[in-house]
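Report on the structure
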Amino acid sequence: MPRIFNFSAGPAMLPAEVLARAGDEMLDWHGTGMSVMEMSHRGKEFIAIAAEAEQDLRDLLAVPENYKVLFLQGGATLQFAQVPMNLLGGKNKADYVLTGEWSKKAIKEAKAYCDVHVAASSEDRRFTYFPPQGAFNVRSDAAYLHYCSNETIGGVEAHWVPESPVPLVADASSHFLSRPLEVSKFGLLYAGAQKNVGPAGLAIVIVREDLLGRAQKGTPSVMDYKLQAETDSMLNTPATYAIYVAGLVFKWLKALGGVAEIERRNIAKAKRLYDFLDGSSFFANAVAREDRSRMNVPFTLKNPALDESFLKGAAERGMVQLKGHRSVGGMRASIYNAMPPEGVQRLVEYMAEFERAHG
Ligand SMILES: Cc1ncc(COP(=O)(O)O)c(C=O)c1O
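What you see is a predicted model; the values in this text were computed from it and never measured.

1. Some details on the nonpolar core
Counting residues in each nonpolar core, the largest one holds 59 residues, and the members touching the most others are Phe176, Leu177, Ile206 and Phe250. Among the elements that take part in this core, helix α6 (residues 240–255) stands out by supplying 11 residues, more than any other. Once you skip the residues sitting within four places of it in the chain, Phe176 turns out to touch Leu57, Leu61, Leu181, Leu189, Ala191, Asn196, Val197, Ile204 and Ile206. Listed in part, the 30 residues of the second largest apolar core include Phe5, Phe283, Met339 and Val344.

Take a look at the structure:
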């Protein structure tokens, strides 16, 4: 059966080459006679797999020496709590940028740990833009400033990094590795794996070393960044298979030219879809042009009564998971790194056909 074009926001498509290689190595990894899934995380084989994955990720993003790369569990959602637990460092204040559903969730979680001040917000225009730097009002005594650099549901991406007087923390889950990133501008950034990195069950944290060792009393050991950093993310059994597949994805990305090349491809894919939307009087995207996400493209049909018919026709043409998030409705095409340009092309052709029939 041919591969389907899966526009899910995550878990999402993985590169076919990566899946094929994982398949080839499923029963016997490099002559060991076992699957990576069956290996001890303390054995030399898996330690080498994890170390290589970390090095490849460091190479891809040019992660500076004074940053630790952690492979953790609990998804990006656990980071909503783990960040305040580790970074407040005795302070009682943290600032947050409110730009949509994911930053809202991060704020809600942080409120259990500290006084949260919303330093900038786009709620006034229903989360359809990213606030300009001039709109930021960050408290100088806050422990950190948190923002979501790509709002997966709203389809709003910060295409620049905010200036902050306090350590900057980003939830980069849904555009991690889709473009170059200046790690040194951040105190910490994190991403759930199931979009551009690999299987669900893995979260990546990149944290500046001087922010380690501040966990509040009572923080569970597995949630203490310092303890995880000291044990190479193996304080307990890590998500071994997810780390292995992530490592294959990093190698795939390196081989095709790294994040600069994938950014070039992602710009072209997103442009194809947005150009179509802008030229259509039947489909619409509500996000400010300069803040549109290259990864998640929400759109609506002029007549929502046709939503189901649109989705049915898409599935018949080998395109699935185009339904928008339940909180906003409409449609959403997530076009992560592994979505081939042909998938976007097929979607645009189908949208044009649908518009001709119903517009
Ligand atoms: C931007 C963002 N943050 C956080 C999450 C939550 O991730 P997880 O389900 O891995 O906890 C998601 C999930 O889609 C997301 O898109």
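2. Remarks on the packing of helix α2 (residues 44–61) against α6
For the pair α2 and α6, the least separation of the axes is 9 Å and the interaxial angle reads 40 degrees. In terms of axis orientation, α2 runs oblique to α6. Pair α2 / α6 crosses with left-handed handedness. Counting all contacts with α2, which are made through Phe46, Ile49, Ala50, Glu52, Ala53, Asp56, Leu57, Asp59 and Leu60, the residues of α6 involved are Thr240, Ile243, Tyr244, Gly247, Phe250, Lys251, Leu253 and Lys254.

3. Considering a nonpolar patch on the surface
Taken together, Met26, Leu27 and Met37 make up a surface patch of nonpolar side chains, about 320 Å² in accessible area. Counting through the fold element by element, Met37 comes out in the loop between α1 (16–24) and α2.

4. Observations regarding the site of the ligand
Close to the ligand lie 13 residues; Thr77, Thr152, Asp171, Gln194 and Lys195 are nearest. One of the side-chain N or O atoms of Asp171 is found 2.6 Å from a nitrogen atom in the ligand. When the ligand is considered free in solution it has 400 Å² of accessible area, and contact with the protein chains removes 84% of it. With 4 residues, helix α3 (residues 75–87) is the largest single contributor of residues to the shell around the ligand. Tallied by class, residues from the shell around the ligand come to 4 nonpolar, 7 polar and 2 charged.

5. Focus: the packing of α1 against α6
For the pair α1 and α6, the least separation of the axes is 9 Å and the interaxial angle reads 130 degrees. Judged by the angle between their axes, α1 and α6 are oblique. In the crossing of α1 with α6, the sense of the turn from one axis to the other is right-handed. Where α1 abuts α6, its residues Glu17, Val18, Arg21 and Ala22 lie against Tyr241, Tyr244, Val245, Leu248, Val249 and Trp252. Tallied by class, residues from the contact of α1 with α6 come to 8 nonpolar, no polar and 2 charged.

6. Examining the side chain of Thr128
With respect to the secondary-structure elements, Thr128 resides in the loop between β4 (115–121) and β5 (145–148). Among the polar contacts made by the side chain of Thr128, one reaches the main-chain carbonyl oxygen of Arg125 at a distance of 2.7 Å. If we skip the residues at most four places from it in the chain, Thr128 touches Ser122, Val156, Ala286, Val287 and Ala288.

7. What to know about unusual backbone geometry
Gly10 connects to Pro11 through a cis peptide bond whose omega is -10 degrees. For Pro11, the location among the structural elements is in the loop between β1 (5–6) and α1. Positive phi, normally seen in glycine, also occurs at His30, with a value near 50 degrees. Locating His30 in the fold gives a position in the loop between α1 and α2. Phi at Ser233 takes a positive value of approximately 60 degrees, unusual for a residue other than glycine. Inspection of the secondary structure assignment puts Ser233 in the loop between α5 (225–230) and α6.

8. Let's talk about the environment of Met351
In this structure, Met351 sits in helix α9 (residues 341–358). What makes Met351 buried here is its relative accessible area of 0%. Here the alpha-carbon distance between Met351 and Lys195, two residues 156 residues apart in the chain, equals 24 Å. Here Met351 is in contact with Leu273, Phe276, Leu277, Phe283, Phe299 and Phe310, once residues within four sequence places are set aside.

What counts and what doesn't
Residues numbered from 1 in each chain as written. Predicted model: local features only at pLDDT ≥ 70, side-chain atom pairs only at ≥ 80, totals over all residues. Heavy atoms only, no water. Core = buried A, V, L, I, M, F, W, Y, C linked by side-chain atoms within 4.5 Å. Buried < 20%, exposed > 50% of the residue type's maximum accessible area, 1.4 Å probe, protein only. Helix = DSSP H or I, 4+ residues; strand = E, 2+ residues; numbered from the N terminus. Contact = heavy atoms within 4.5 Å. Axes fitted to C-alpha atoms, helices over the stretch in contact; angles between N-to-C directions. Parallel < 35°, antiparallel > 145°, perpendicular 65-115°, else oblique. Left-handed = near helix turned anticlockwise from the far one by under 90°. Patch = residues over 30% accessible without salt bridge, like charges linked within 9 Å, V, L, I, M, F, W, Y side chains within 5 Å. Areas by Shrake-Rupley, 256 points an atom, 1.4 Å probe, with all protein chains shown as cover. Salt bridge = Lys/Arg side-chain N within 4 Å of Asp/Glu carboxyl O. Near = heavy atom within 4 Å. Polar contact = N/O pair within 3.5 Å; in protein donor to acceptor, adjacent residues only side chain to side chain. Nonpolar A, V, L, I, M, F, W, Y, C, P; charged D, E, K, R; others polar.

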